[in-house]
Amino acid sequence: AIELGESVNLNRAQDNKIPICLIVDESSFIGDSGSTWMGKRQNYLINQRRHLGIEIVYNLQRPSMLAAPFWDTCTDVFIFQTLRPDRIDLLEKHLNMRQGELAALGELPQYRYLHYNQKARGLV
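Residues numbered from 1 in each chain as written. Predicted model: local features only at pLDDT ≥ 70, side-chain atom pairs only at ≥ 80, totals over all residues. Heavy atoms only, no water.

Turning next to the overall build of the protein chain. When you go through the protein chain residue by residue, the secondary structure sums to four helices and five strands. Listing each helix as α and each strand as β along the protein chain from the N terminus yields α-β-α-β-α-β-α-β-β. Taken along the three principal axes of its C-alpha coordinates, the protein chain extends 45 × 30 × 25 Å. For the protein chain, the proportion of its 124 residues judged to be buried stands at 36%. Taking the intrachain contacts of the protein chain between residues at least 6 apart in sequence as the baseline, contacts between residues at least 24 apart amount to 59%. If you sum the accessible surface of the protein chain, you get close to 8200 Å²; carbon and sulfur atoms cover 50% of it. For the protein chain, the separation between the mean place of its 14 positive charges and that of its 14 negative charges on side chains is 3 Å. (Helix = DSSP H or I, 4+ residues; strand = E, 2+ residues; numbered from the N terminus. Buried < 20%, exposed > 50% of the residue type's maximum accessible area, 1.4 Å probe, protein only. Contact = heavy atoms within 4.5 Å. Areas by Shrake-Rupley, 256 points an atom, 1.4 Å probe, with all protein chains shown as cover. Lys, Arg positive; Asp, Glu negative; His and termini not counted. Charge placed at Lys NZ, Arg CZ, Asp CG, Glu CD.)

What follows is the structure in structure tokens.
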């Protein structure tokens, strides 16, 4: 995705970029990054994504699978039910939310989710 973005989008105007969607399933398998660090390639990708015309979707089972820089740059987070209070607490910390704002996660029906948006600084 990076090589494609650099070759087709890096020198294009923002409104003329060819959209690229990179979906990373089971994000814990990202080779150069982990729960406590971010590799140079991943750091470049998330910080240059708009210039490269790349939208990134990370799918993961536990919020602890991605390091803080991933959470700091996210724009939208879709969170499905979790019954584990420790995971809810961690999500609230990662998203800079007040304690208890995501308490509804434990009561969500199957296939329903809460949507966090960074621009709105909260649930939408």
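From this point, the narrative continues.
Our next topic: the pattern of salt bridges. Within the structure shown, the criterion is met by one salt bridge. Arg-84 is the partner of Asp-86 in a salt bridge, and the nearest nitrogen-oxygen pair spans 2.6 Å. Among the residues examined, Arg-84 registers a relative accessible area of 40% and is labelled partly exposed. (Salt bridge = Lys/Arg side-chain N within 4 Å of Asp/Glu carboxyl O.)

A few words now on the confidence of the model for the protein chain. Within the protein chain, residue pLDDT values average 88, and 94% of them lie at 70 or more. Of all the helices and strands in the protein chain, helix H3 (residues 68-73) carries the lowest mean pLDDT, 84, while helix H1 (residues 2-8) carries the highest, 95. (pLDDT = per-residue confidence, 0-100.)

Tracing the sequence through the fold places Thr-82 in the loop between strand S3 (76-80) and helix H4 (85-94). Residue classification places Thr-82 among the buried residues on the basis of a relative accessible area of 12%. Side-chain polar atoms of Thr-82 contact the backbone nitrogen of Arg-84, separated by 3.3 Å. The contacts of Thr-82, once residues within four sequence positions are left out, are Arg-87, Ile-88, Leu-105 and Gly-106. (Polar contact = N/O pair within 3.5 Å; in protein donor to acceptor, adjacent residues only side chain to side chain.)

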